[in-house]
Amino acid sequence: MDLFDKFEPLLQAKAKLPFEDGDPFTVCMEKVISQTEAIINGRHTVLAGTNNYLGLTFDRTCIEAAHQALDEQGTGTTGSRVLNGTYAGHRGLEEALAEFYGTAHAMVFSTGYQANLGMISTLCGPKDFLLIDADSHASIYDGCKMGDATVVRFRHNDANDLDKRLRRIDASAGRLVVLEGLYSMLGDRAPLKELVAVAKAHGASVLVDEAHSLGVYGATGRGVSQEDGVEDQVDFIVGTFSKSVGTIGGFCVSNHPKFEVMRLVCRPYLFTASLPPSVVASATAAVKVMGRSPELREQLWRNARQLHDGLEKLGFSLGAPVSPISAVKISDQATAMRFWAGLLKAGVYVNLAFPPATPQGIYLLRCSLSAAHTPEQIAFMLEKFKEVGLALGEIGPNRVSETRPAGADARTIASPLTAGAAAATG
Amino acid sequence: MTINKDSLTEETIFAEVCRLLGPFNKRGVSVTRTTNFSSDLELDSLAVMDLLAEIEDHFDITVPLNVLPDLEKVGDVSAAVLKIIKG
């Protein structure tokens, strides 16, 4: 028995897909030109799927801070945070985050994935319950799998369903409700007011992952918790540096008086090397830039509305109301692949997303916008969506039926492959 | 709707699981206890979790996601539900 035999059905399913125009799993940015443009397959391409919401990857202050840290402190720490991997910069970044959120504690992880993995698997033990939203990101599901708690899933964004499920659980047990501010695939935000109120009525703790909402929502960009006025009710906020902050890393902030013990018990924090000094320096600079630059958020929302309204006007069906993520629903897998390849050939890169990385078995062309996009670039995206959409009959007079039967091919691609695709957006 | 849990048997639970499975059985496969979710019904883990949500609500129970890896066949689900109800 070869260990790889179990992947055979997946490889066969992949082989059946129409890859004639390009493989979405092997895209390479041959040359990065700016936050919004790159060379792909030798072609100049506008990037509309990078989660670079504020465009800070090329911010001068952030680049200069990274350069200085690199020159002065070297390329890496070569150690865990609890051994030799805590530099003054790591402390400084945690202080900057605590100040930004107004919390007593902040803890930096090496990726956003590890922040969720670590917090979720460590906070809840064998006698505790984790309540997670059905549409949770892979890092939340994996955190549940890594821990020993009993895991209960509630219907997406449904406060009544959460209430019902909490009622069935022994109220004397430890319970953590895990939510996301903005769900990354469809771009729909959580009704945090209602969900947090239900959790608190049952005496449960709340963790909100603001990965896609940091820098995007709230008066100072702290996320949907801030926008909905529930920050004082949220026990743990998790976030990432790999979207609005423009680099890599993750964090958790909290006011819990015993929070610091996490540094001694959280394995994804303990048993991995800490972030390199240059990454820490650019993240620290970016958190500060984010706090003092409301104009970036305003520009991002203008851009988001231009794309969202434009796509709707063209006749596309979108996954959610306006947000920096516009998820265009495509009628079937083959059309989604051809549409994605058609856009790439025309010079527009978006994310192609399949079930089970997407909910409800739908196929998506997922666009995410940046404050750095120009109105002209967005007009270009819309023009290409129109051309390819008309050619494939997704819009216009040749539009195909919206309700194609979900055939045998509707769920052919199993999780490892889409998990890879989702990793790009998560 | 309240269900008299004392009167439930594996037989009646299996019948209810089959009924709730209906909307997920897009290929119209005839379902037995050995019908496999993945190979026979072509359901991915997300679809199986959605089915479990329906089952939880119907029987007013908690089916933790932790048991998911053990639920390969339809009969595994009715057995798991019976175990949860009878304690």
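Residues numbered from 1 in each chain as written. Chains lettered and ligands numbered in written order. Predicted model: local features only at pLDDT ≥ 70, side-chain atom pairs only at ≥ 80, totals over all residues. Heavy atoms only, no water.

Asks: What is the right way to read the overall build of chain A from this model?
Replies: Of the regular secondary structure elements, chain A holds 15 helices and 14 strands. For chain A, whose C-alpha radius of gyration is 22 Å, the value lies close to the compact-globule estimate of 22 Å for 426 residues. Referenced to the eigenvectors of the C-alpha coordinate spread, the extents of chain A come out at roughly 60 × 55 × 50 Å. The burial tally for chain A puts 57% of its 426 residues in the buried class. The long-range fraction of contacts in chain A, counting pairs at least 24 apart against all pairs at least 6 apart in sequence, stands at 70%. Summing over all exposed atoms, chain A offers an accessible surface of approximately 17400 Å²; the carbon and sulfur share of this is 54%. Side chains of chain A carry 40 positive and 46 negative charges; the gap between the two charge centres is 3 Å. (Helix = DSSP H or I, 4+ residues; strand = E, 2+ residues; numbered from the N terminus. Rg over C-alpha atoms; globule rule 2.2 N^0.38 Å. Buried < 20%, exposed > 50% of the residue type's maximum accessible area, 1.4 Å probe, protein only. Contact = heavy atoms within 4.5 Å. Areas by Shrake-Rupley, 256 points an atom, 1.4 Å probe, with all protein chains shown as cover. Lys, Arg positive; Asp, Glu negative; His and termini not counted. Charge placed at Lys NZ, Arg CZ, Asp CG, Glu CD.)

Asks: For this particular structure, what's the right way to read the interface of chain A and chain B?
Replies: It is common to give the size of an interface as the accessible area that goes away when the parts come together. Chain A puts 20 residues into the contact, and the matching count from chain B is 18 residues. Carbon and sulfur atoms make up 47% of the surface buried where chain A meets chain B, a total of about 1600 Å² over both sides. For the interface between chain A and chain B, the tally reads eight salt bridges. For the salt bridge of Asp57(B) with Arg155(A), the shortest nitrogen-to-oxygen distance reads 2.5 Å. Summed over the shared surface of chain A and chain B, the result is 14 residue pairs in polar contact (both at pLDDT 80 or more). (Buried area = accessible area lost by both parts, 1.4 Å probe. Salt bridge = Lys/Arg side-chain N within 4 Å of Asp/Glu carboxyl O. Polar contact = N/O pair within 3.5 Å; in protein donor to acceptor, adjacent residues only side chain to side chain.)

Asks: Explanation requested: the pattern of salt bridges in the structure shown.
Replies: Should the charged atoms of two oppositely charged side chains come close, the side chains can pair. Residues and elements named next belong to chain A. This model, assessed by the stated rule, comprises 26 salt bridges over all chains. Arg-81 is the salt-bridge partner of Glu-94, the closest N and O atoms lying 2.9 Å from each other. Of this pair, Glu-94 sits in helix α3 (residues 88-101) while Arg-81 sits in the loop between α2 (60-73) and α3, and the two are 13 residues apart along the sequence. Of the two residues, Glu-94 and Arg-81, neither departs from the other in class, the shared state being buried. Arg-167 serves as the salt-bridge partner of Asp-163, at 2.8 Å between the closest nitrogen and oxygen.

Asks: Explain the side chain of Ser323(A) here, please?
Replies: Residue and element names in this part refer to chain A. If you trace the backbone, Ser-323 turns up in the loop between α12 (294-314) and β11 (325-330). Given a relative accessible area of 1%, Ser-323 falls into the buried group. With residues up to four places along the chain from it excluded, the contact list for Ser-323 reads Leu-182, Gly-187, Tyr-217, Trp-301 and Ala-304.

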